[in-house]
Amino acid sequence: NPGNSGGPLLNSAGKVIGMNTVIISPTGASAGVGFAIPSDTVSARVASILKFGYVKRPSLGLYLGGDGLAQRVVGRDGALVAGLQRGSAGGRSGLRVGDIITTVDSKPVKRVNDVFKALDEHEPGDVLKVQLLRATEVAGDYNEGDAESVPVTYSELEVSVRLGEIAPEPGR
């Protein structure tokens, strides 16, 4: 539907349930699969747009590894911290590369997206609790140079993080 993007998506009772964004049509006609942003997501962002001119998004400033990495490393669900942005909220709070985030604000983290879902419920400047696993010691005998044989002990920790903000793109 050309021109429908940004328009309301209505249910059969006429209630607004989303904002239309795009349609994928193999023929180019106004028929195909349409996509929309849920209305509660739109509502949560409108106040920020009206106040600041853009959506203020909270950020831990972390790069997270792919789903399943924590399971392979420690046999538990979580999100593996693969990197930290310079000066990030996560780095300032003591998070480290290699940490495995297991809960954010008491919500379990099974997949990487669970971290982002938890952040969506917060604003920049909010403080949230992050529970994690951290490698604390290498124990026992192992063959140097054989990473597969290194026995590592993980400890459970909790850190408080004051969320930073994702900077808006230039020109916005």
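Residue positions are given per chain, counting from 1 as you read along its sequence in written order. A pLDDT threshold of at least 70 governs which residues receive local features in this predicted model, and a stricter bar of 80 or more applies before side-chain atom pairs are shown or counted, although totals over entire chains, interfaces and linings include all residues. The side-chain figures draw on all heavy atoms in the structure; neither hydrogens nor water molecules are used.

**Considerations on the packing of aromatic side chains**
Classification of ring pairs rests on two measures: the distance between centres of Phe, Tyr or Trp rings, Trp counted by its six-membered ring, which must be within 6.5 Å, and the angle between planes, read as stacked under 30 degrees, edge-to-face over 60 and tilted in between. Evaluation of the coordinates by the stated rule reveals 1 aromatic pair. Between Phe52 and Tyr54 the ring centres are 6.3 Å apart and the planes differ by 45°, which places this aromatic pair in the tilted class. Put simply, a charge is over a ring when the Lys NZ or the Arg CZ is close to the ring centre, within 6 Å, and near the line of the ring normal, within 35 degrees. Between the NZ or CZ atom of Lys56 and the centre of the ring of Phe52, over which it lies, the distance is 4.2 Å.

**Here's the deal with the confidence of the model for the chain**
A low pLDDT means the predicted coordinates there should not be read in detail. The pLDDT averaged across the chain works out to 82; a share of 84% of its residues lies at or above 70. Per residue, pLDDT measures the predictor's confidence, with a range of 0 to 100. Strands are runs of DSSP state E lasting at least 2 residues, helices are runs of H or I lasting at least 4, and numbering of each runs from the N terminus. Here strand β10 (residues 152–162) stands out as the least confident element of the chain, with mean pLDDT 79; strand β8 (residues 107–108) is the most confident, with 94.

**Some details on unusual backbone geometry**
Phi at Asp105 is positive, roughly 50°, even though this residue is not glycine. You can see Asp105 is positioned in the loop between β7 (100–104) and β8. Here the term buried applies to any residue with accessible area under 20% of the maximum for its type, exposed to any over 50%, and partly exposed to those in between, with areas from a 1.4 Å probe on protein chains only. Exposure remark for Asp105: the relative accessible area of 24% places this residue in the partly exposed category. Located in the positive-phi region is Ser106, a residue other than glycine, with phi close to 65°. Mapped onto the elements of the fold, Ser106 is located in the loop between β7 and β8. For Ser106, a relative accessible area of 69% translates into the label exposed.

**Considering the layout of surface pockets**
Of the pockets and cavities examined, the largest pocket occupies roughly 370 Å³. Residue lining of the largest pocket: 22 residues in total, with Arg57, Pro58, Ser59, Leu119 and Ile166 positioned closest to the centre. Only α1 (39–52), β4 (57–59), β5 (62–64) and α4 (112–119) provide two or more residues apiece to the lining of the largest pocket. When residues are grouped by polarity, Ala, Val, Leu, Ile, Met, Phe, Trp, Tyr, Cys and Pro land in nonpolar, Asp, Glu, Lys and Arg in charged, and all others, Gly among them, in polar. For the lining of the largest pocket, the residue count by class is 11 nonpolar, 5 polar and 6 charged. Grid points spaced at 1 Å and placed over the protein atoms alone form the basis of the search, with a cavity being a set where a 1.4 Å probe fits but cannot get out and a pocket an open set showing protein on both sides within 12 Å along at least five of seven lines. Lining residues have an atom within 4 Å of a point. Grid points are joined across faces, edges and corners, and a volume is the space filled by probe spheres set on the points.

**Overview of the sheet that holds strand β1 (residues 8–10)**
A pair of strands counts as paired when DSSP detects no fewer than two bridges linking them. Strands sit in the order β1-β2-β3 across an open sheet of 3 strands; the sheet is antiparallel. Taken across any chain shown, the strands that pair with only one partner, and hence form the sheet edges, are β1 and β3 (33–38). The mean inter-strand angle of the sheet, taken between neighbouring strand axes irrespective of direction, is 55°. In what follows, residue pairs with any heavy atoms lying within 4.5 Å of each other are defined as contacts. Lines are fitted to the C-alpha atoms to define the axes, a helix being fitted only along its stretch in contact, and any angle between axes, read from their N-to-C directions, falls within 0 to 180 degrees. Across the sheet, α1 touches β2 (16–24) and β3, and the angle it forms with β3 is around 45°.

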